[in-house]
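Results of the structural survey
Okay, here's what each chain looks like letter by letter:
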Amino acid sequence: MRTRIDRGRAALLAALLGTGSWAAGQTGAPGVTTAQGPVQGVTKGAVTQYLGLPYAAPPTGPNRWRPPQPAPTWTSARAADQLSPVCTQVISALFALPGETVGDVKGQEDCLYLNVYVPQGRPGPLPVMVWIHGGAFVNGSAGLYDASELARREGVVVVTVNYRLGALGFLALPELDQESTDGTSGNYGFMDQQAALRWVQANIAAFGGDRQNVTLFGESAGGYSICAHMASPGSAGLFQKAVIMSGLCGSPGNTVAASEAAQRNVAYASRLGCRQDTLACLRSLDPARLAKAKVPGVRPLSNLVWAPVHGGEVLPRPLLETFQNGVFNKVPVVAGTTRDEGRLFVKVGVPEGRTMSLPLYWGAAGLLTGVPNVTRALREYPGQGEGTPALAFSNMFTDVVFACPAVNVAGALARFVPVYAYEFADPQAATEIPSPPDLPGLGSAHSSELVYLFRTRLPGLGDPAAFTPAQAGLADAFAGGVGAFARAGQPGWTAYDAARGNVQVFTPSGNAPSTTFAQDHKCDFWNGLNLP
């Protein structure tokens, strides 16, 4: 800590004396005084970065499985030039970065930090965008997403946020219920996000941001989080617009009551040897053990094992029910999916370089839809009729987990607020992820739009340096629409009308509305099954 403070003092002194650069490629940035104390960022090009700012106390020791506590304070300038550690997580095959080993644990519990990216030379106050990262609530970090280009190009202040993951972020247990004020547990990682939003309200003006023009945006588990903030009374007033990207907000198998999760996780605690004095035992364990232990039981293939739960003050009701009843935080919404979401998930069940057999496809379809529905589902998505079993599985996964739930959420929200629906559909999206051999490429797989949005390299995912001129134009159009929405609430296309089913489709050759999205993804069929 002394090194960080000394470096911060040196940077502040350099800025005050006009001595210029203090690190290669970086210049001292104007100091900013937050509610916790002064911070010193670094300017790279046309953007000043403030990295690794704590927004809550470390959730360690007695703070494990408790709501986020007040952040520390300081008096000397704090160097904000380094990303914080990621939150504790097991490296998975789906999210492994180059050089990482699947199954290893990385990160630490002391991880409740955020990053602020401020474009220079823009008259303020500037619109603010707060990014909630994805990763199935078990992987990912704020630091994976360099928001400098997004901030510079769109003229917005961007904040990226870490939050507790896995069991450390979402453990519900009867013993934890007894500790909570409302008798429910399991939403600690989500409450971290709310604490970060309160930090933004208290501090963003000092960075040139407009606290009354905050757009939440997130993808996958981050998109799910955005839906949860719309449904949570505790998030009211903390944001004015929302962007839900591939959010799984109404996906089958992802509506879990706090009481159900608490009873399910008794077996998790028992597996760790904590059958008596459960909380004391669990709080004494190394975080790596907590992260690696599995929750016993069979669940739907699309189930997010660790995720926000409903039934208490934090999230009173299931998300789709909340939206259908109109009892949510009413803000304008951009919501969408990618054309080929499911192609990424073929990699989960099939070893690298192998192909998906027909029996494996049948089994995966059963886990996805449930045994009573699998025969009908396989008639709609025949394993060989769609080309290969892998392609049939990816199409089914796209439709049932992402596309049709997105239509249902858009329709529910559109009764009360403007909703701008989209589909990202680059048929050969730039990616660093190798395609399974039995797919015709990854297409617009899950998360493929992110490199187009941020327009910086996302390690292991994609690099804008690989864009064709048409793809660069697609990035300008897609990110430009999101940026316009953040600035003024209008992305540049017509709001969703459930009667028309209009969805704006983004491709390298241009973007235009389509009214066949629901038919293309067989949503009448999936809605007719009423999967739980």
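In this text, all values refer to a predicted model and were calculated from it rather than measured experimentally. (Residues numbered from 1 in each chain as written. Predicted model: local features only at pLDDT ≥ 70, side-chain atom pairs only at ≥ 80, totals over all residues. Heavy atoms only, no water.)

**Considering the pattern of salt bridges**
For the coordinates displayed, the defined rule picks out 15 salt bridges. Between Arg153 and Glu149 there is a salt bridge, with its nearest N and O atoms 2.8 Å apart. With Arg153 and Glu149 both in helix α2 (residues 148-154) and 4 residues apart, the pair spans about one turn of that helix. According to the relative accessible area criterion, Arg153 is partly exposed, its value standing at 38%. In this structure, Arg455 and Asp476 form a salt bridge, with 3.1 Å as the shortest nitrogen-oxygen distance. Taken as a pair, Arg455 in the loop between α15 (450-454) and α16 (469-488) and Asp476 in helix α16 lie far apart in primary sequence, 21 residues in all. A residue is classified by how much of its surface remains accessible, and Arg455, at 9% relative accessible area, is buried. (Salt bridge = Lys/Arg side-chain N within 4 Å of Asp/Glu carboxyl O. Helix = DSSP H or I, 4+ residues; strand = E, 2+ residues; numbered from the N terminus. Buried < 20%, exposed > 50% of the residue type's maximum accessible area, 1.4 Å probe, protein only.)

**Observations regarding helix α5 (residues 188-203)**
Because the α-helix completes a turn every 3.6 residues, residues three or four places apart line up on one side. With 16 residues, α5 extends 22 Å from end C-alpha to end C-alpha; this agrees with the ideal 22 Å at 1.5 Å per step. With 14 of its 16 residues buried, α5 lies for the most part within the structure. (Expected span 1.5 Å × (residues − 1).)

**Focus: a nonpolar patch on the surface**
On the surface, a cluster of nonpolar side chains totalling about 290 Å² of accessible area is made up of Val298, Leu301 and Leu367. Of note, Leu367 is situated in helix α12 (residues 358-369). (Patch = residues over 30% accessible without salt bridge, like charges linked within 9 Å, V, L, I, M, F, W, Y side chains within 5 Å. Areas by Shrake-Rupley, 256 points an atom, 1.4 Å probe, with all protein chains shown as cover.)

**What to know about the side chain of Thr88**
Note on placement: Thr88 falls in the loop between β5 (78-79) and β6 (89-90). Given a relative accessible area of 6%, Thr88 falls into the buried group. Polar side-chain contacts of Thr88 include one of 3.4 Å to the backbone nitrogen of Glu109. Each residue touching Thr88, except ones within four places of it in the same chain, is listed here: Val105, Lys106, Gly107, Gln108, Glu109, Leu165, Leu168, Pro287 and Ala291. (Polar contact = N/O pair within 3.5 Å; in protein donor to acceptor, adjacent residues only side chain to side chain. Contact = heavy atoms within 4.5 Å.)

**Focus: the environment of Pro68**
Mapped onto the elements, Pro68 comes out in the loop between β4 (47-54) and β5. Overall, Pro68 belongs to the buried group, its relative accessible area being 17%. Separated by 121 residues in the primary sequence, Pro68 and Gly189 place their C-alpha atoms 8.7 Å from one another. Discounting chain neighbours no more than four positions away, the residues touching Pro68 are Ala56, Arg164, Met191, Asp192 and Ala195.

**Here's the deal with the packing of aromatic side chains**
Each aromatic ring pair is characterised by the separation of its centres together with the angle its planes make. Here the structure, examined in full by the defined rule, presents 26 aromatic pairs. Ring plane angle 85° and centroid distance 5.6 Å describe the contact between Phe137 and Tyr224, whose orientation is recorded as edge-to-face. In this pair, Phe137 is assigned in the loop between β9 (126-132) and α2 and Tyr224 in helix α6 (residues 221-231), connecting sequence segments 87 residues apart. Taken together, the ring pairs connect Tyr422, Phe424, Tyr452, Phe467, Phe478, Trp493 and Phe506 into an aromatic cluster. The cationic tip of Arg78 hangs over the ring face of Trp74; the distance from NZ or CZ to the ring centre is 4.9 Å. (Phe/Tyr/Trp six-rings, centres within 6.5 Å; stacked < 30°, edge-to-face > 60°. Lys NZ or Arg CZ within 6 Å of the ring centre and 35° of its normal.)

**A few points about α12**
Helix length check: α12 (12 residues) gives 16 Å between terminal C-alpha atoms against 16 Å at 1.5 Å per residue, within 8%. Next to the buried residues of α12 lie α13 (371-380), α14 (389-414) and α18 (523-529). For α12, the side-chain oxygen to backbone nitrogen distance between the N-cap and Leu360 is 3.2 Å, and the N-cap itself is Ser357. Directly after α12, the chain includes Gly370, whose backbone phi takes a positive value near 90°.

**Structural notes on unusual backbone geometry**
The residue after Gly124, namely Pro125, is reached through a cis peptide bond having omega -5°. Topologically, Pro125 is positioned in the loop between β8 (113-119) and β9. Positive phi, normally seen in glycine, also occurs at Ser220, with a value near 60°. Its identity is not glycine, yet Ser246 carries a phi of approximately 50°, on the positive side. Here Ser246 lies in the loop between β12 (241-245) and α7 (258-271). For Ser246, a relative accessible area of 0% corresponds to the buried category.

**Some remarks on the state of the cysteines**
Under the definition given, this model contains 4 disulfides. Across the disulfide from Cys227 sits Cys249; the S-S distance is 2.0 Å. One disulfide, between Cys227 and Cys249, carries an S-S torsion of 85° and so falls in the right-handed class. Here Cys227 is found in helix α6, whereas its partner Cys249 is found in the loop between β12 and α7, with 22 residues between them in sequence. Neither Cys227 nor Cys249 differs from the other in exposure class; each is buried. The residue that forms a disulfide with Cys404 is Cys523, at a sulfur-sulfur distance of 2.3 Å. Between Cys404 and Cys523, the S-S torsion sits near -90°, and that sign places the bridge as left-handed. Residue Cys404 is found in helix α14, and its partner Cys523 is found in helix α18; the two are separated by 119 residues along the sequence. Exposure remark for Cys404: the relative accessible area of 2% places this residue in the buried category. Overall, the relative accessible area of 3% leaves Cys523 in the buried class. Taken N- to C-terminal, the disulfide-bonded cysteines of the protein are connected 1-2, 3-4, 5-6, 7-8. (Disulfide = S-S within 2.5 Å.)

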